[in-house]
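Here is how the chains run, residue by residue.
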Amino acid sequence: MELAAGSFSGEQFREACAELQQPALAGADWQLLVETSGISIYRLLDQKTGLYEYKVFGVLEDCSPTLLADVYMDLDYRKQWDQYVKELYEQECNGQTVVYWEVKYPFPMSNRDYVYLRQRRDLDMEGRKIHVVLAQSTSVPQLVERSGVIRVKQYKQSLAIESDGKKGSKVFMYYFDNPGGQIPSWLINWAAKNGVPNFLKDMARACQNYLKNT
């Protein structure tokens, strides 16, 4: 899963937009994992890895699409509101901007880190303004693996945001990662059922404080 700069295709952005209009859950064994606070999470077993892919649908009230996208893209601000961030920054490598992200894991497990590319586009789809952010793991020689931290080499995420017709945001998110190592199934299940809804709630709360900090 290695990408060169600018290698996200227009089709990938359009696919994320399409999920907002009509969730693509048919034709595969997507299972509803949890519904909570207006958020629905589905999962699909990835046969190659034995891990799950996830799709998240929901509405974040009182958080406009543009503000939500800005907060999601602001790495420095994320370090203030995301308690699981150990280290997070952008770095120019070989003419492309990559993100380095280290995530805190509970003891006695090792932290995980990511090196990935991301791109945001603000699209007009038949009069609908949709913000889309795509991210996928890559590798660069400047960011070598660290002792005591497990590098996540398979990571992919899509985020699409548009107005809910009121003052909130309608959200679609897809994500998959292979955290490596021996992680108990209870932790993986907890992260899917609780971690994602809590992350979205934290991000919505961060939106309310964002303008105060800028």
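No experiment lies behind these values; they were computed from the predicted model shown.

Caption draft 1: Layout of the pattern of salt bridges. Going through the model one piece at a time under the given rule, you end up with 15 salt bridges. Notably, a salt bridge pairs R120 with D122, separated by 3.0 Å at the nearest N-O pair. A relative accessible area of 24% means that R120 is categorised as partly exposed. The partner of E145 in a salt bridge is K153, and the shortest N-O contact between them spans 3.1 Å. Residue classification places E145 among the partly exposed positions, given a relative accessible area of 46%. For K153, a relative accessible area of 54% gives the class exposed. Sharing partners across several salt bridges, the network here consists of K86, E87, E102 and R146.

Caption draft 2: Spatial organisation of the layout of surface pockets. A volume near 1100 Å³ is recorded for the largest pocket. The wall of the largest pocket is formed by 42 residues, among which Y114, Y175, D177, A191 and V196 lie closest to the centre. Going through the elements one at a time, β3 (52-60), α3 (75-81), β5 (96-103), β6 (111-125), β7 (128-137), β9 (155-163), β10 (169-177) and α4 (185-213) are the ones with two or more residues in the lining of the largest pocket. Sorting elements by how many residues they give to the lining of the largest pocket places α4 first, with 10 residues. Broken down by class, the residue content of the lining of the largest pocket amounts to 30 nonpolar, 5 polar and 7 charged. Looking at the second largest pocket, its volume works out to about 260 Å³.

Caption draft 3: View of the nonpolar core. Counting residues in hydrophobic clusters, the biggest one holds 31 residues, and the most contacted among them are I41, V56, L68, V71, L200 and M203. Every element with two or more residues in this core is listed here: β1 (31-36), β2 (39-45), β3, α2 (65-73), α3, β9, β10 and α4. Here this core takes 9 residues from α4, the largest share from any one element. Beyond its immediate stretch of four places on either side in the chain, V71 contacts Y77, W81, M203, A206, C207 and Y210. Counting residues in hydrophobic clusters, the runner-up holds 25 residues, among them F8, L44, C93 and L117.

Caption draft 4: Unusual backbone geometry, seen in detail. F107 connects to P108 through a cis peptide bond whose omega is 10°. Topologically, P108 is positioned in the loop between β5 and β6. Although it is not a glycine, S37 sits at a positive phi angle of roughly 50°. Note that S37 resides in the loop between β1 and β2. You can call S37 exposed: its relative accessible area is 53%. Positive phi, close to 55°, is recorded for N94, a residue that is not glycine. Positionally, N94 belongs in the loop between β4 (85-93) and β5.

The rules behind the values
- Per-chain numbering applies: the sequence of each chain, read as written, is numbered from 1 onward.
- It should be noted that, the model being predicted, local features are given only for residues of pLDDT at least 70 and side-chain atom pairs only at 80 or more, the latter also being counted only at that level, while totals for whole chains, interfaces and linings use all residues.
- Excluding hydrogens and water, the side-chain values take into account all heavy atoms of the structure.
- By convention in these notes, a salt bridge is any Lys or Arg side-chain nitrogen within 4 Å of a carboxyl oxygen on Asp or Glu.
- Think of it in three bands: with a 1.4 Å probe and only protein chains considered, a residue is buried below 20% of the maximum accessible area for its type, exposed above 50%, and partly exposed in between.
- Site definitions follow a grid-based scheme: protein atoms alone, a 1 Å grid, a 1.4 Å probe that fits but cannot get out for cavities, and for pockets an open set with protein on both sides within 12 Å along at least five of seven lines, plus lining residues having an atom within 4 Å of a point.
- Grid points are joined across faces, edges and corners, and a volume is the space filled by probe spheres set on the points.
- For the purposes of this entry, the term helix denotes a DSSP run of H or I that reaches at least four residues, the term strand denotes a run of E that reaches at least two, and both are numbered from the N terminus.
- Gly counts as polar in this scheme, as do all residues outside two lists: the nonpolar Ala, Val, Leu, Ile, Met, Phe, Trp, Tyr, Cys and Pro, and the charged Asp, Glu, Lys and Arg.
- What we call a nonpolar core is a set of buried Ala, Val, Leu, Ile, Met, Phe, Trp, Tyr and Cys residues that are connected through their side-chain atoms within 4.5 Å.
- By the convention used here, residues are in contact when the closest approach between their heavy atoms is within 4.5 Å.

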